[in-house]
2 protein chains.
Amino acid sequence: MSAVRRPPYYLGIDLGGTNIKSGVVDDAGQSCSSVSLKTQATLGPDVGLETLAEAARRAVKASGLDWKEIVAVGLGSPGTMDIEAGMLLEPPNLPGWDNLPIRQRLADLLDKPTVLQNDANAAAYGEFWAGAGRDAKSLGLFTLGTGIGCGIIDHGRIIVGRHSNGAECGHMIIQMENARQCSCGAYGHLEAYASATALVKRANEALDEGISSRLHEVRGKGLLTSRAIAEAAESGDALARRLMRETARYLAVGAVNLMNTIDPDMILFGGGMIAAGTTLLNDIRGDIQSLAFPIPAARTVIEYAALGGDAGYIGAAGCARLMYGTSGPE
Amino acid sequence: MSAVRRPPYYLGIDLGGTNIKSGVVDDAGQSCSSVSLKTQATLGPDVGLETLAEAARRAVKASGLDWKEIVAVGLGSPGTMDIEAGMLLEPPNLPGWDNLPIRQRLADLLDKPTVLQNDANAAAYGEFWAGAGRDAKSLGLFTLGTGIGCGIIDHGRIIVGRHSNGAECGHMIIQMENARQCSCGAYGHLEAYASATALVKRANEALDEGISSRLHEVRGKGLLTSRAIAEAAESGDALARRLMRETARYLAVGAVNLMNTIDPDMILFGGGMIAAGTTLLNDIRGDIQSLAFPIPAARTVIEYAALGGDAGYIGAAGCARLMYGTSGPE
């Protein structure tokens, strides 16, 4: 927030099952403010929409700008949705928000042109526009958390897909036989192997088998998280190290499948799990080297995302700029 | 070739390891002629380039058009290549053609603006422009033969990728553990499970295990091909039926991974194996229904390709039209 602001301005909102984050973003992708409110998803869509609007108003106020200086609003939301129609369909993390024309409802509340985008796509666009991918022409972002989100940008365009199902790469099938079950109910998906939830589950299985590890003590205290496993690996625990190595390999498989489909300049990993630090990233890079074809292996940049929890609202603001901006894409 | 020809005209060439196919294509994607010559790849690139030029001249002659009526030339070639630079790098099926500036060499020989494209991408563009995908906005094509080729068209753009490695989906990893080895040397790729070669290999393994089947007799005569296996399945042979069902499931996994990445309107299957007919197609459709998310499962059209062996040169001509055409894309 040190650089000079470049008008015009856009408002981005990142709607999550737990929190709503909103911020004003300038024409260069620079954040001018950010605020966070509880979603209170279970209170239903009317309360939710009012909370979205309140987050928007507070973000503009915090930026010191006038409401009329905001050109348009971008909303990133978890799925399922019909992006073109601006509708939420059956979002699993927003119970009761089914078949909600959220784009129009929010546009009416805020009296601004509004665009809807999938939250993971918005985050990928944020990194592309103003984050780790700002020098890339195309990228794929895997967001590693409870699940695995994914967004793909190809030559400045978000791969939305024809049924708003583009870049659901957390649900690519990487194992057909004896496969783990995914949170979505299907089997063999990347998310079922490499999400933070899957990592903890694999750790629990290994501990249940009686494998010696300091993670037994961690689990005994109720502290067995992906973060704790990564820390145990860093401090030399053999089981934790094996679990993290396997995680890297699964993520490399996901990355290579994306490289053999979209072949982007860059693959980014974001989300809570990248707190594991450079060991995980370097392990992923090594496995990609051994699994990918030589030229993409040598040239595709593999990095961590740079915007953290701000990628969603920054990218959503970028989507508003793509549709309603006066400057056109970079 | 019954409809009225729509000028201007483009020349397409499909370069294969065994045959070169070339034809003149009108502005609507309609073939006006086609000729086929032996590639004689082992005689090296000088002979090969002259053969490409000869195929081009014969195709124009066969069309009854004058050479000067051809606006531009498109060449579809097997990889590896640098599409943007117009270079072949190390094409496995064209030994000795390494690091060949094939686009410029052919342009010089023919004195026409020339574009280079990956052969599978060209075939996908052919189906998109003038074949089974002519009403689609986006599609993925899997070409099932010795290997598995793939091409992806998204909103009229070919997904070439940043290192000419886009749409190499035959090499997506669908099995991480106890995986079959692919012709490329790596493990667990779609091609290692579902190509015609892989089908015959799986049949041989089952026969070696002594499983009862009329395929023993077929093999004894040296006639164990993917076609023969499909025919045995149609006539009720239990092993052949099982092998074809497994093939359908592998192909469905590949299709679903593409649906969860690009989410196209349509997935097409082409190549020699589709001679297996509607049973294979319906099995693939059924497996996609059970593996994909409900909305894309319900809406994505799953079909066989329509242009057969003409897709490559028609699509290559279409690529020439995209770059040098006067009418612009459809």
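In this report, we go over the structure that sits alongside the text. What you see is a predicted model, and the numbers here were worked out from it, not measured in a lab. (Residues numbered from 1 in each chain as written. Chains lettered and ligands numbered in written order. Predicted model: local features only at pLDDT ≥ 70, side-chain atom pairs only at ≥ 80, totals over all residues. Heavy atoms only, no water.)

1. Focus: the interface of chain A and chain B
Piece 1. Contact residues are listed per partner, giving 46 residues for chain A and 46 residues for chain B.
Piece 2. A per-residue breakdown of the area chain A buries against chain B is headed by A:Arg162, A:His163 and A:Met176, which together make up 20% of the total.
Piece 3. For the pair chain A and chain B, the interface holds six salt bridges.
Piece 4. B:Glu177 is the partner of A:Arg249 in a salt bridge, and the nearest nitrogen-oxygen pair spans 3.6 Å.
Piece 5. Here chain A is connected to chain B by 36 residue pairs in polar contact (both at pLDDT 80 or more).
Piece 6. Contributing elements (two or more residues each) for the side of chain A that touches chain B: strand 9 (148-154), helix 8 (238-259) and helix 10 (294-299) of chain A.
Piece 7. Top element by residues in the side of chain A that touches chain B is helix 8 of chain A. It accounts for seven residues.
Piece 8. Split into classes, the residues belonging to the side of chain A that touches chain B amount to 23 nonpolar, 13 polar and ten charged. (Contact = heavy atoms within 4.5 Å. Buried area = accessible area lost by both parts, 1.4 Å probe. Salt bridge = Lys/Arg side-chain N within 4 Å of Asp/Glu carboxyl O. Polar contact = N/O pair within 3.5 Å; in protein donor to acceptor, adjacent residues only side chain to side chain. Helix = DSSP H or I, 4+ residues; strand = E, 2+ residues; numbered from the N terminus. Nonpolar A, V, L, I, M, F, W, Y, C, P; charged D, E, K, R; others polar.)

2. Some details on the pattern of salt bridges
All names here are of chain B.
Piece 1. A full pass over the atoms with the stated rule returns 44 salt bridges over all chains.
Piece 2. A salt bridge links glutamate 205 to arginine 180; its shortest N-O distance comes to 2.7 Å. Of the two residues, glutamate 205 is situated in helix 5 (residues 196-208) and arginine 180 in the loop between strand 10 (157-158) and helix 4 (190-194); the sequence distance between them amounts to 25 residues.
Piece 3. Residues arginine 241 and aspartate 283 are paired through a salt bridge, measuring 3.2 Å at the closest nitrogen-oxygen approach.

3. Section: helix 5 of chain B
All names here are of chain B.
Piece 1. End to end, helix 5 covers 18 Å across 13 residues, agreeing with the expected 18 Å (1.5 Å per residue, within 8%).
Piece 2. For helix 5, the complete set of buried residues consists of Ala196, Ala198, Leu199, Val200, Arg202, Ala203, Ala206 and Leu207.
Piece 3. Looking at the buried side of helix 5, the elements it contacts are helix 4, helix 6 (215-220), helix 7 (226-234) and helix 8 (238-259). (Expected span 1.5 Å × (residues − 1). Buried < 20%, exposed > 50% of the residue type's maximum accessible area, 1.4 Å probe, protein only.)

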